[in-house]
Each structure stands twice: as structure tokens, then as C-alpha cells.
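# Examining the three-dimensional arrangement
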Amino acid sequence: MTTTTATANPVLRVDAANPVLRVAPAAPAEAAAYFRAALAFHADVSDVAAALASDGDPGFVVLDSRSTESWDQGHLPGAVHLPTALIPEQAEQLLDKSVPVVTYCWGPGCNGATRAALALAELGYQVKEMLGGFEYWAREGFAFETWEGRERRAADPLTAPADAENCGC
């Protein structure tokens, strides 16, 4: 059964029995504004890796907001280590407010990077959160550092293309 919704797009019909379309999608202009805003707040692992691999300054610094034990287990090469709880007292010693910061934590099941990004934004830093965190960095096959040295795992074909340089997103 379909019903006409009272949205900005009257042509759209919504199936009340369909859990995906039970609530009508936003009007295209609203959706564009939302997704544009999302990109202002987030970067993905692949884009961060590409920017860091390019010649020259990537234009941002990467911040690992996890504990020292987590940092030692593995972190992005060149990242700054600053646990979230220490951001208010140590950020100005380690970070330049004129350089955007990209935060990360363990992975999509952890909101530590979000908390770190909030703490930095409240201190006046431009900040984005890296979606996927360290988990997806390692799963996509990018090199990382541990207390024992540099490592790299094979890319997980569920998170990165097996036979291509990038996913084409």
C-alpha cells in the first residue's frame, strides 16, 4: 500500500509497510545540504591515506585520541598521540590552531574520535573525524606503526578493492 506524503516532494509515494520508506526521504535540496555538511565533518580512511601519501604537506594533522596502550598496539604513521582526556590541557602544546586536525580512534564502534573532535572544536580548532578509525585503516591495507615497528596487513576485500588502487568512490 502506498500513500502520498506531505513533504516538499508531493510526487513521492511512501509504502507504510516498507521499513525503509516508512519515513519519506528528504527533499533533494535538504538531502544535498545534509550530505554537504556531513563531508565538512568527516573524512574517510582512503582519502586520508591518499592525502598523506601525496607529495608535500597534506594540509592537516592526524590525531590519535586513544590510550598509550592502544597507540603502542598500532597507529597511523606521522599521527600525533593525544588521548581525549588530555586535549584540554595539552592541545595547544602539540597542535597549531591554523592547521586542521583529523581525529581517529579504534573504529566505527567507538565514539572516541567524535569526543576528541568536539573537545578540539571547543578549543577553536578546525577538525574532522576520520570514519572507520584505526580498524579500517588496517583493514584497508595501509601501513601502520606499533611499538615494534612498521606493519601492513593485506587489504580486507570487504572494505577495500582486491585488485584496484581505490574503490572509485
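Residues numbered from 1 in each chain as written. Predicted model: local features only at pLDDT ≥ 70, side-chain atom pairs only at ≥ 80, totals over all residues. Heavy atoms only, no water.

### Some points on the packing of aromatic side chains
Convention followed: In summary, the pairing rule links any two rings of Phe, Tyr or Trp, Trp by its six-membered ring, whose centres are within 6.5 Å, and it sorts them by plane angle into stacked for under 30 degrees, edge-to-face for over 60 and tilted for everything else. Here a strand is any run of E in DSSP of at least two residues, a helix any run of H or I of at least four, and the numbering for each starts at the N terminus.
Tallied over the entire structure, the rule returns four aromatic pairs. With a centroid separation of 6.0 Å and 80° between ring planes, the pair formed by Trp 106 and Phe 134 is classed as edge-to-face. Taken together, the positions of Trp 106 in the loop between β6 (101–104) and α5 (112–122) and Phe 134 in helix α6 (residues 133–139) put the pair 28 residues apart, joining distant regions of the chain. A ring pair is formed by Phe 134 and Phe 144, whose centres lie 5.3 Å apart and whose planes are at 85°; its orientation type is edge-to-face. Here Phe 144 lies in strand β8 (residues 144–146) and Phe 134 lies in helix α6, a separation of 10 residues in the sequence.

### Let's talk about the environment of Ala 27
Structurally, Ala 27 can be placed in the loop between β2 (13–15) and α1 (28–41). Sequence separation of Ala 27 and Pro 161 is 134 residues, and the distance between their C-alpha atoms is 33 Å.

### Describing the pattern of salt bridges
To be explicit about the condition: Any Lys or Arg side-chain nitrogen found within 4 Å of a carboxyl oxygen on Asp or Glu counts as a salt bridge. For every residue, the accessible area (1.4 Å probe, protein chains only) is compared with the maximum for its type, and the residue is labelled buried under 20%, exposed over 50%, or partly exposed between those bounds.
Applying the stated criterion across every chain yields a total of five salt bridges. For Glu 92, the salt bridge is made with Lys 97, and the minimal N-O distance between the two is 3.4 Å. A relative accessible area of 57% places Glu 92 in the exposed class. A relative accessible area of 37% places Lys 97 in the partly exposed class. Residues joined by salt bridges that share partners form a network here, namely Glu 135, Arg 139 and Asp 156.

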